[in-house]
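Analysis of the macromolecular model
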Amino acid sequence: MLAFILRRLIQALVVMLTVAFIAFMLFQYVGDPVTNLLGQDATPQQRQQLRVDLGLDQPFPVQFARFVVNAVQGEFGLSLRQGRKVSSLILERFPATLELALVAAVLGMLLGVPLGVYAALRRGRVGSQLVMTGSLLGVSLPNFFIGILLILLFAVTLKWLPSFGRGEVVTLGVLTTGLLTTDGLKHLLLPAFTLSLFPMTLVLRLVRAEMLEVLRTDYIKFARARGLPDRRVYFGHALKNTLVPVITIAGLQLGNIIAFAIVTETVFQWPGMGLLFIQAVQFVDIPVMAAYLCLIALVFVTINLVVDLLYFVVDPRLRLERGAGGH
C-alpha cells in the first residue's frame, strides 16, 4: 500500500509540474504583464523598474522556479482586472463552486444508482425504457440549454425558484455556504440539478450495464439456487460488485463538475470559480487563468488518488493481488 501511494504521489507531482509549466507559459506568451499593469503611457524607466520588481529580468529557469514556489504557497500575484490578490479572489469564489459541485455530485449518485438498478431489474419494461430514453436526453442535451429550460419553467413561468445568484449565505470560518438558509437552498436547486444531469445519466447507464453483466455470472446463479431472497441477491451481491467502476466514474465526474461548471455558473450567474475564469478570459487576466488551471489540476490529482485508494476498500481482490505479489 505504501509503495502504491508513493507511486501515485510521484505521478501527481509530475502532473502538477507539467500544469504549472503550462500556466507559467501564459505569463510568457499571452500579453505583457508590464503593459497590462502600467498601461501604454508608462515611461521606459517605470517599465524597467517593474520588470525588476516582478523578476522578469531573471533567466527563464529562475522565473519558473519562483513561480512554482509561489504557487505552492497559493500566491499567483495580482489580478490585472480587479487589482486584488488572486489568492483572495479564489478564497472568495471557490466555496461557491465546491458547494455547487458537491450537491450536484450527490444528486447524480442518489438519482443515478437507483435508476440504473431499476432499469437493469426491469429490463424491457415500459418504465425501464422511459428511464433509458431520459438518460439519452441527459447525455445529449448541453448544460446551457437545460439550464435555460429550467429557468423558463421554474423561474419565469411558475415563479417557484430564483433564476440567478447564490442567495443568502452563512459564513463558517473561511468558507461560505447557502445550505443552511432557505434562500440559499432555493438558489442552489436549479444550477445543482442542471449540473447533475450529465453525471447522473453516466452513472445510471454504467450501473445498468454492470448490473446486467453481474446478474449473468455463476455466483449469482448459485446464490439464487441456494434460495437467497431477491433483495439480498440484487443488493447484497450484484450491486456491491458494480461499485468499482461506479466509484471511478463518480470520482472523475466530481473533477469534471468542478472544472466544467463554467457554463452552468455563467447561465445562472453563480459567483464561483467558473464565472471568475470566464471573466478572466474576457479581460485576459493571466494570473487568474493560471491560478484556475493549477487549482483544477490539483482537484483532479487529489480525486484520482482518493479513487485509487477506495479501490482497496471496495474490492478485496485488489488487496489479495497486492499481497500475493508482495510474497
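For the structure itself, look to the data block above.
One finds F67, F76, I90 and M273 to be the most contacted residues of the largest nonpolar core, which totals 45 residues. Those elements that place two or more of their residues in this core are α1 (2-29), α4 (60-72), α5 (86-121), α8 (182-215), α11 (243-259), α13 (273-282) and α14 (286-314). It is α14 that contributes the most residues to this core, 12 residues altogether. V113, V207, A223 and V246 belong to the second-largest nonpolar core, a separate cluster that totals 18 residues.

What follows deals with the environment of V52. With respect to the helices and strands, the residue V52 is situated in helix α3 (residues 44-54). For the pair V52 and M16, spaced 36 residues apart in sequence, the C-alpha to C-alpha distance is 27 Å.

Where nonpolar side chains cluster on the molecular surface, the patch consists of L137, L141, F144, F145, I148, L149, L152, V156 and V263 and spans about 760 Å² of accessible area. With 6 residues, helix α7 (residues 143-157) is the single largest residue contributor to the nonpolar patch. Along the polypeptide, F144 turns up in helix α7. By relative accessible area, which is 43% here, F144 ends up partly exposed.

When the terminal C-alpha atoms of helix α6 (residues 126-140) are compared, their 21 Å separation across 15 residues agrees well with the 21 Å that a helix rising 1.5 Å per residue should span. Every buried residue of α6 is accounted for by S128, V131, M132, S135 and G138. Viewed along the axis of α6, the buried residues span an arc of 115 degrees, placing them on a single side of the element. For α6, exposure combined with an orientation more than 90 degrees from the buried face picks out V126, L130 and S140. Here the buried face of α6 lies against α5 and α8.

This paragraph deals with the packing of α5 against α8. As a packed pair, α5 and α8 sit with axes 5 Å apart at the nearest point and diverge in direction by 35 degrees. Of the two possible hands of crossing, α5 and α8 adopt the one that is right-handed.

All right, on to the pattern of salt bridges then. Under the counting rule described, the total for this entry stands at 4 salt bridges. Among the salt bridges present, the one from E213 reaches R216, with a minimum N-O distance of 3.0 Å. Judged by relative accessible area, which is 49%, R216 ranks as partly exposed.

The rules we used
- Residues numbered from 1 in each chain as written.
- Predicted model: local features only at pLDDT ≥ 70, side-chain atom pairs only at ≥ 80, totals over all residues.
- Heavy atoms only, no water.
- Core = buried A, V, L, I, M, F, W, Y, C linked by side-chain atoms within 4.5 Å.
- Buried < 20%, exposed > 50% of the residue type's maximum accessible area, 1.4 Å probe, protein only.
- Helix = DSSP H or I, 4+ residues; strand = E, 2+ residues; numbered from the N terminus.
- Patch = residues over 30% accessible without salt bridge, like charges linked within 9 Å, V, L, I, M, F, W, Y side chains within 5 Å.
- Areas by Shrake-Rupley, 256 points an atom, 1.4 Å probe, with all protein chains shown as cover.
- Salt bridge = Lys/Arg side-chain N within 4 Å of Asp/Glu carboxyl O.
- Expected span 1.5 Å × (residues − 1).
- Arc of directions from axis to C-beta.
- Contact = heavy atoms within 4.5 Å.
- Axes fitted to C-alpha atoms, helices over the stretch in contact; angles between N-to-C directions.
- Left-handed = near helix turned anticlockwise from the far one by under 90°.

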